[in-house]
Amino acid sequence: MGFADADLTEDRFLGGRLRILQPRFGYRAATDPVLLAAAVAAQPGQSVLELGCGAGVASLCLAIRLPGLRLWGLELQAEYADLARRNAALNGVAIEVVGGDIAAMPAMFRALHFDHVIANPPYFPARSGTPARNDGREQAQREDLPLADWMATGLRRLRPGGWLTVIQLADRLPDLLAALGRSGSITVLPLQPRAGRPSNRMILRLKKSGRSPFVLLPAVVMHDGPAHDGDRDSHSPVAQAVLRDGAALPMTA
């Protein structure tokens, strides 16, 4: 059963070009899926699978920036899968959203290989920290399936030469590199909250079967100034271009 309309808010992304229904209480998308979509270098006609698509924000941001893609989403929580379908219809975007578990990939996906696989896996390992009060938020943010299994599934669904793009906490980079091994060439873009501070998130992009050396790009600074100084938009010019205008992130050196 999906969310009742009274339990939803309508939020705007990409400077108002994207309308997104989200639960008032539960997992609510913020900047991470927008940043994930901005790191994908897809071409019209290519296929994209989003693992754990939630309400569909990353795939829809990608569709707004790069029309003509063939989009699929896989989502474990049935109410969020239904919301992703509603959001796709609300924005006039065609996405095939399938309810299912990454750990038990639906048969239709086992028969397909994609040009791109994208994911915003849960950030927090199982049994760490304080559980969220809302079950939907807890399931979206805390690992039930290990991060290594997310990566293995993504790699299996890619065609040779395809691209895996993931956003994660910066301190999970060692886990990602260990999981991916020598499966392709890797580029990492650190995301720095402010100049002079450690990066707290990062985007990893892998070309399956690629042989290029590992690349660590200069960090993208998300906010201007040394600290938050009131109720105003302090996003850096690069962040504003991505979050408001749907620009691509600089994923090449």
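See the structure above.
Residues numbered from 1 in each chain as written. Predicted model: local features only at pLDDT ≥ 70, side-chain atom pairs only at ≥ 80, totals over all residues. Heavy atoms only, no water.

**With respect to the side chain of Asp 115**
In step 1: Turning to its location among the elements, Asp 115 is positioned in strand β6 (residues 114-119).
In step 2: Not counting the four nearest positions on each side in its chain, Asp 115 is found in contact with Gln 46, Ser 47, Arg 70, Leu 158, Arg 159, Gly 162 and Trp 163. (Helix = DSSP H or I, 4+ residues; strand = E, 2+ residues; numbered from the N terminus. Contact = heavy atoms within 4.5 Å.)

**Considering the packing of aromatic side chains**
In step 1: Considering all chains together, one arrives at three aromatic pairs under this definition.
In step 2: An angle of 85 degrees between the planes, with centres 5.3 Å apart, marks the rings of Phe 3 and Tyr 80 as edge-to-face. Taken together, the residues span a long stretch of sequence, with Phe 3 in the segment before β1 (8-13) and Tyr 80 in helix α3 (residues 78-90) at a distance of 77 residues.
In step 3: The interplanar angle of 70 degrees and the centroid separation of 5.2 Å between the aromatic rings of Trp 72 and Phe 114 together place this pair among those described as edge-to-face. Taken as a pair, Trp 72 in strand β4 (residues 70-75) and Phe 114 in strand β6 lie far apart in primary sequence, 42 residues in all.
In step 4: With relative accessibility at 16%, the residue Trp 72 sits in the buried group.
In step 5: By relative accessible area, which is 1% here, Phe 114 ends up buried.
In step 6: These aromatic residues form a ring-pair network of at least three members: Trp 72, Phe 109 and Phe 114.
In step 7: Over the ring of Trp 163 we find Arg 205; its NZ or CZ atom is 5.1 Å from the centre of that ring. (Phe/Tyr/Trp six-rings, centres within 6.5 Å; stacked < 30°, edge-to-face > 60°. Buried < 20%, exposed > 50% of the residue type's maximum accessible area, 1.4 Å probe, protein only. Lys NZ or Arg CZ within 6 Å of the ring centre and 35° of its normal.)

**So, the pattern of salt bridges**
In step 1: The full count for this structure, using the stated rule, is seven salt bridges.
In step 2: The closest approach of N and O atoms between Arg 19 and Glu 10, which form a salt bridge, is 2.9 Å.
In step 3: According to the relative accessible area criterion, Arg 19 is partly exposed, its value standing at 30%.
In step 4: Here Asp 115 ties to Arg 159 by a salt bridge, and the two come within 2.5 Å at their closest N and O atoms. With Asp 115 in strand β6 and Arg 159 in strand β7 (residues 158-169), this pair connects stretches of sequence that are 44 residues apart.
In step 5: Residue Arg 159 is classed as partly exposed on the basis of its relative accessible area of 30%.
In step 6: A single salt-bridge network, built from bridges that share partners, covers Glu 10, Arg 12 and Arg 19. (Salt bridge = Lys/Arg side-chain N within 4 Å of Asp/Glu carboxyl O.)

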